[in-house]
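Breakdown of the fold
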Amino acid sequence: MKFVVDSGSTKADWLLFNNKQYLGVYNTLGLNPEVLNTDVLVERILQNEEIANLRTAIKEIYFYGSGCSTVHSKKVMRDALEKVFENADFFEILEDTYAAVYATCHDLQPGIVCINGTGSNCSFFNGKEVEQAVNSLGYLAMDDCSGVDFGRRLIRAHYFNTMPADLKSKFETAYNLNADFIKKNFYKEPNPNAYLASFLPFLIANKDHDFLQAMIADSFQFFVDHYIKQYPNHSNVPVHFIGSTAFLLQDEFKTILKNNNLMAGVFYQKPLEGLIELHQK
């Protein structure tokens, strides 16, 4: 039996296969080895009792995850998986870009593949390999046009008093915006990136507000200029998107893509469908 895992920083989907037969999906909290150590990763996996009960039956693991782009982070993730699945003898650990590529670039056609969820990334798939124009430095320096980005923008707008009064009132009702509480989540609690992304539902629910429309446009235009347009052939291939941020804001994204003479590809909230098809072959 094997698990195919698609993990972001907030949540992870575990697809179970018996040979090529798809049996179902399980869920855990997100597993990002750049943010979490081995012990916490193990703890999160074992919190799902059904996965824990399968730990001796699993022989292969294909793990596509946020934060799995460096040798060190891949080792942290593999150490955690080996502790849980003691009988597994095959591990493939790749950054989550590959899950997005396999899900969106149908028949392995070239395209630009963007991940806009809790964090963000942008790659070019040439039909065989993934090319990276910008190496992500994570949520502190990058993750533009993501849940993290919009959470940061909302908090800053509130504290700098640039958020309109009507929106500010709604924001204060929806969240605990006490400075000590926010700083505790930033510096004392695990997954500060997921905490920032927890403000995204407010933006989605109120996205028709002019202030938020401008915020969305500014964030995505920055992403277009500094990520997508890094690739010389950006105007000649479709631009695909994976992740809740892109999926829930796809109308706004499509408008900005059109304004930049870019071809909108597919928008998926999760790459599950494509991964299931791939691993059933």
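Fair warning: this is a prediction, and the values are worked out from it, not measured in the lab.

Because each turn of an α-helix spans 3.6 residues, side chains separated by three or four positions in sequence point in the same direction. With 14 residues, helix H3 (residues 71-84) ought to run about 20 Å at 1.5 Å a step, and its terminal C-alpha atoms sit 20 Å apart, in line with that. Those residues of H3 lying buried are Ser73, Val76, Met77, Ala80, Leu81 and Val84. Around the axis of H3, the buried residues are gathered within 130 degrees of arc, so they sit on the same side. Residues of H3 that are exposed and angled more than 90 degrees away from the buried face: Val71, His72 and Lys75. Contact partners of the buried residues in H3: strand S2 (11-18), helix H1 (38-46), strand S4 (60-65) and strand S5 (90-95).

Bringing the sheet that holds strand S6 (residues 111-116) into the picture now. Across the sheet, which stays open at both edges, the five strands sit in the order S8-S7-S6-S9-S10 with mixed pairing between neighbours. The open sheet is flanked by strand S8 (130-131) and strand S10 (263-268), the only strands paired with a single partner. Sheet analysis places strand S9 (residues 238-242) next to S10, joined by four bridges and oriented parallel. From the neighbouring strand, Val239 faces S10, where its bridge partner is Ala264. Lying on the sheet, helix H10 (residues 210-226) is in contact with S6, strand S7 (120-125) and S9; it crosses S7 at an angle near 35 degrees. Running over the sheet, helix H12 (residues 250-259) touches S6, S9 and S10 and is turned about 165 degrees from S10.

Moving on, we come to the sheet that holds S4. The strand order across the open sheet built from five strands is S3-S2-S1-S4-S5, with neighbouring strands paired in mixed fashion. Lying at the two open borders of the sheet, with one neighbouring strand each, are strand S3 (21-29) and S5. Pairwise comparison of adjacent strand axes, ignoring direction, gives a mean angle of 15 degrees for this sheet. When S4 meets S5, the two strands line up parallel, connected through six bridges. Note on S5: the bridge partner recorded for Tyr62 is Glu92. The strands touched by helix H13 (residues 272-279) are strand S1 (2-7), S2, S3 and S4; relative to S2, the strand with the most contacts, the crossing angle is about 25 degrees.

The subject of this paragraph is the domain arrangement of the protein chain. Entries for the protein chain in the domain assignment read domain 1 (2-100) and domain 2 (105-269). For domain 1 versus domain 2, the separation of C-alpha centres amounts to 25 Å. Every contact between the two is made by twelve residues of domain 1 and, on the other side, twelve residues of domain 2. Approximately 1,000 Å² of surface area, both sides summed, lies buried where domain 1 meets domain 2, with 52% of it carried by carbon and sulfur atoms. Counting across the domain 1 and domain 2 interface gives zero salt bridges.

Quick look at the pattern of salt bridges now. Taken as a whole and judged by the stated rule, the model has nine salt bridges. Ionic pairing is found between Asp218 and Arg153, a salt bridge with its closest N-O pair at 2.9 Å. On the criterion of sequence distance, the pair formed by Asp218 in helix H10 and Arg153 in helix H5 (residues 147-159) is long-range, its members being 65 residues apart. The exposure class of Asp218 is partly exposed, given its relative accessible area of 46%. On the basis of relative accessibility, which here comes to 23%, the residue Arg153 falls in the partly exposed class. Three or more residues joined by partner-sharing salt bridges are found here, namely Asp149, Arg153 and Asp218.

What counts, and where the lines are drawn
Residues numbered from 1 in each chain as written. Predicted model: local features only at pLDDT ≥ 70, side-chain atom pairs only at ≥ 80, totals over all residues. Heavy atoms only, no water. Helix = DSSP H or I, 4+ residues; strand = E, 2+ residues; numbered from the N terminus. Expected span 1.5 Å × (residues − 1). Buried < 20%, exposed > 50% of the residue type's maximum accessible area, 1.4 Å probe, protein only. Arc of directions from axis to C-beta. Contact = heavy atoms within 4.5 Å. Pairing = 2+ DSSP bridges. Axes fitted to C-alpha atoms, helices over the stretch in contact; angles between N-to-C directions. Domains from an automatic or database assignment. Buried area = accessible area lost by both parts, 1.4 Å probe. Salt bridge = Lys/Arg side-chain N within 4 Å of Asp/Glu carboxyl O.

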